[in-house]
Structures are given as C-alpha cells and as structure tokens.
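Residues per chain, in single letters:
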Amino acid sequence: TMTMTMTMTALSARATQHAAVLPVASVAVRTCSSKSIYRESVENKRLLAWELDGLMRSGANHDLRVFGVGALAALKSKHAFLGFALDHLHFYERLEQCLEEKKRQHAWAQALVGRNQHETWLWRSAPLAADVRRLEEQMQLASTPPPSDAARRYADAIERDAQHSDGFALVGHFYTRFLADLFGGTMLGAPTRLALRWPSVPSYYQLDFPKPRRICIEDAYGAINDAFQAVDEDDDMKRVALSGASEAFRHNANVYASVRSTSEELQAPASPPEAAAGGPFPRAPLVGAVQGVLNVAVGYVGDRLR
C-alpha cells in the first residue's frame, strides 16, 4: 500500500507539473505575498495577536500536512467537495452567529467584529451556502446531506466556548478561521474550479476585500488586539483565547481528516474518533489527496483544450 501511494504521489506530482503549471504558479505567488505580509505586520508582533501566532508557529496544535492533504482530498469529486462545503458551512454558521450575538453584548466583540465591519465581507457562511446550492442542483440531490460528526463536534465546541468567560474564547476561533481565510483562503480557488469543472471559482474562495489585502490582514490582527485591550489585557482572558484557538485547531484537523467522497459516506456522516487534546493528529486521507491532485490536472487539460 505504501509503495502504491508513493507511486501515485510521484505520478500525480509529475502530472501536476506538466498539466497544471498556471494554478500552481498562482498559489506560489500568493504564498510569497502572504509571507511578506506576515513578516512585515506590526500588529502581529504585539499583545494577543503575537501570542496566537506563537501558538500557531509552535506546531503543537497546528499541522499543515493534515490541512493540506485534507483540502486536496476534497478535490477528488463533487461529492467530496460537497461534504467539505457542508462541514464548513455548519461550523462557520455557528461561529458567525455567536460572534454577532456577543457583539450586541460585549465591548471586546464590538472591537473584534466592528473594526473593519468584518461581518459585511469576511463571513463565509453565505458563500458556502451558495456553493452547496450550486452543487446540489448539479448533482440533482433530493435532500441536503448532514454534516459530518467531526463538523458537529467543532460547532458544539464553539457553542460551549461562547458560554463562559463572556465568550472570549471566540477570539481564538476567529483567529484560526478568518486569519487563515485572509492569508490563504483564496489560494485553492483555481484548483477547485478545475477539479469541479466549473466556469467560475467557488464562492467560498472569493473574498471581496474592502481594502488592499495587506491592510485587511493588519486590521484583523489589530482587531484581535483591540478585543484584548477591551478586557484590560487580562492574563486569564488571554489564556481563554489561546484555549479557544487550540480547540479550533484540533477540531479543524479532525474535519480535514474526515473528508467524505461518496454519496454513501455523505448520508452516513460517521467519522474517525476525534483526536484528543494534546494527542497525535489524525491521519489525513492521502490517497484521496493524490486523486484530488490528478483531478485538478485532468481538469486543467480539459480547460485548455476547450
């Protein structure tokens, strides 16, 4: 099995190199741009933003291999991307609803959400819902499949975190979800379009930045620090936010390791047991990721031949 996987990986890499040069190049350009934005940011060198970045850099709660492999596995088929979109819709809706509720109650949430009117352009649930409708129409599904168990657990964790310490753990959830969207959330747009054979990029991967992306990212980091200052830079609240981020990273890894790629799997949303806090990361679907890469390459060739 390992030999077969390595062979498939090598073949898919070669196919991607020759057949998907432009999508890969666009990802590389965006990655370089994100690195310079991250490096040159002022707000992420101070207060809570610095602490959250440190948690991410430590790798103790954040394994990019799981996320990368899971994202590629979601490109294996329309069923796989539908499951991916449904799962994300489930926990994004819960997070956005909780943040909007806290905004009506607490100064920290007003600072976090209101600094750059994030709810008017950064929220992802409406674009995800549009992608789900588009897929359901194309696939002629009689009903909407349920979210996976991993996505349900993620949404439940968001709800629990919203119920204590004035919900300040949601700052950590905001960081893990929306900073990732701002830094690299559009990178998979072109490969996903090719994998789905769509004429346009999925709505989830489209962000209508009200200002240059660099400024929007700096504003998001600044909003996190403003929220921390709204609670008087309290050390206990800092720990609450870091705990929320750790929870989000862990649940996110479980979601990405639970990509469902067939109609049967979509209707039966059981997923692998969740990774325990501090435990090993779940295994991501490597073979599905290889198939996803090949699907992108085939889509690219078909796109060029049309």
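Our subject is the structure that appears above.
Residues numbered from 1 in each chain as written. Predicted model: local features only at pLDDT ≥ 70, side-chain atom pairs only at ≥ 80, totals over all residues. Heavy atoms only, no water.

1. Comments concerning the overall build of the chain
Thought 1: Looking only at helices and strands, the chain has 14 helices and zero strands in total.
Thought 2: For the chain, the α and β elements follow one another from N to C terminus as α-α-α-α-α-α-α-α-α-α-α-α-α-α.
Thought 3: Buried residues in the chain amount to 52% of all 306 residues.
Thought 4: A fraction of 83% describes how many contacts in the chain between residues 6 or more apart in sequence connect residues 24 or more apart. (Helix = DSSP H or I, 4+ residues; strand = E, 2+ residues; numbered from the N terminus. Buried < 20%, exposed > 50% of the residue type's maximum accessible area, 1.4 Å probe, protein only. Contact = heavy atoms within 4.5 Å.)

2. Here's the deal with the pattern of salt bridges
Thought 1: Evaluated as defined, the whole model comprises 11 salt bridges.
Thought 2: Salt-bridge contacts for Arg-94 lead to Asp-156; the nearest nitrogen and oxygen are separated by 3.7 Å. A residue pair is termed long-range when its members are at least 10 positions apart, and Arg-94 in helix H5 (residues 78-103) and Asp-156 in helix H8 (residues 149-161) qualify at 62 residues.
Thought 3: Salt bridges linked by common partners bring Arg-94, Asp-156 and Glu-159 together as one network. (Salt bridge = Lys/Arg side-chain N within 4 Å of Asp/Glu carboxyl O.)

3. With respect to the packing of aromatic side chains
Thought 1: Applying the stated criterion to the full structure yields 16 aromatic pairs.
Thought 2: Relative to Phe-183, the ring of Tyr-38 lies with its centre 6.1 Å away and its plane at 65°, an arrangement referred to as edge-to-face. Pair noted here: Tyr-38 is in helix H2 (residues 21-40) and Phe-183 is in helix H9 (residues 170-184), with a separation of 145 residues, a long-range link.
Thought 3: Under the relative-accessibility criterion, Phe-183 is labelled buried at 14%.
Thought 4: On the numbers, 5.6 Å between centres and 85° between planes, the contact of Phe-84 with Tyr-256 is edge-to-face. Within this pair, whereas Phe-84 is found in helix H5, its partner Tyr-256 is found in helix H12 (residues 235-256), the two being separated by 172 residues in sequence. We note that Phe-84, like Tyr-256, is buried. (Phe/Tyr/Trp six-rings, centres within 6.5 Å; stacked < 30°, edge-to-face > 60°.)

4. A closer look at the environment of Tyr-205
Thought 1: Among the structural elements, Tyr-205 can be located in the loop between helix H10 (189-196) and helix H11 (213-230).
Thought 2: Given the relative accessible area of 7%, Tyr-205 is considered buried.
Thought 3: It is 6.9 Å that separates the C-alpha atoms of Tyr-205 and Leu-188, two residues lying 17 residues apart in sequence.
Thought 4: Among residues more than four places away in sequence, those in contact with Tyr-205 are Phe-81, Phe-84, Gly-185, Thr-186, Leu-188, Gly-189 and Thr-192.

5. Topic: helix H6 (residues 107-114)
Thought 1: Turning to H6, its buried residues number three or more, namely Trp-108, Ala-109, Ala-111, Leu-112 and Val-113.
Thought 2: Among the structural elements, H5, H9 and H11 are those in contact with the buried residues of H6.

6. Observations regarding the environment of Val-113
Thought 1: Within the secondary structure, Val-113 is located in helix H6.
Thought 2: A relative accessible area of 0% means that Val-113 is categorised as buried.
Thought 3: The spatial distance from the C-alpha of Val-113 to the C-alpha of Lys-102 is 9.6 Å, given a sequence separation of 11 residues.
Thought 4: Beyond its immediate stretch of four places on either side in the chain, Val-113 contacts Leu-99, Lys-103, His-118, Glu-119 and Trp-123.

7. Looking at the side chain of Glu-247
Thought 1: Note on placement: Glu-247 falls in helix H12.
Thought 2: According to the relative accessible area criterion, Glu-247 is buried, its value standing at 17%.
Thought 3: Setting aside its immediate chain neighbours within four residues, Glu-247 contacts Ala-157, Arg-160, Asp-161 and His-173.

Everything listed here is a matter of coordinates, which is why it stays silent on function.
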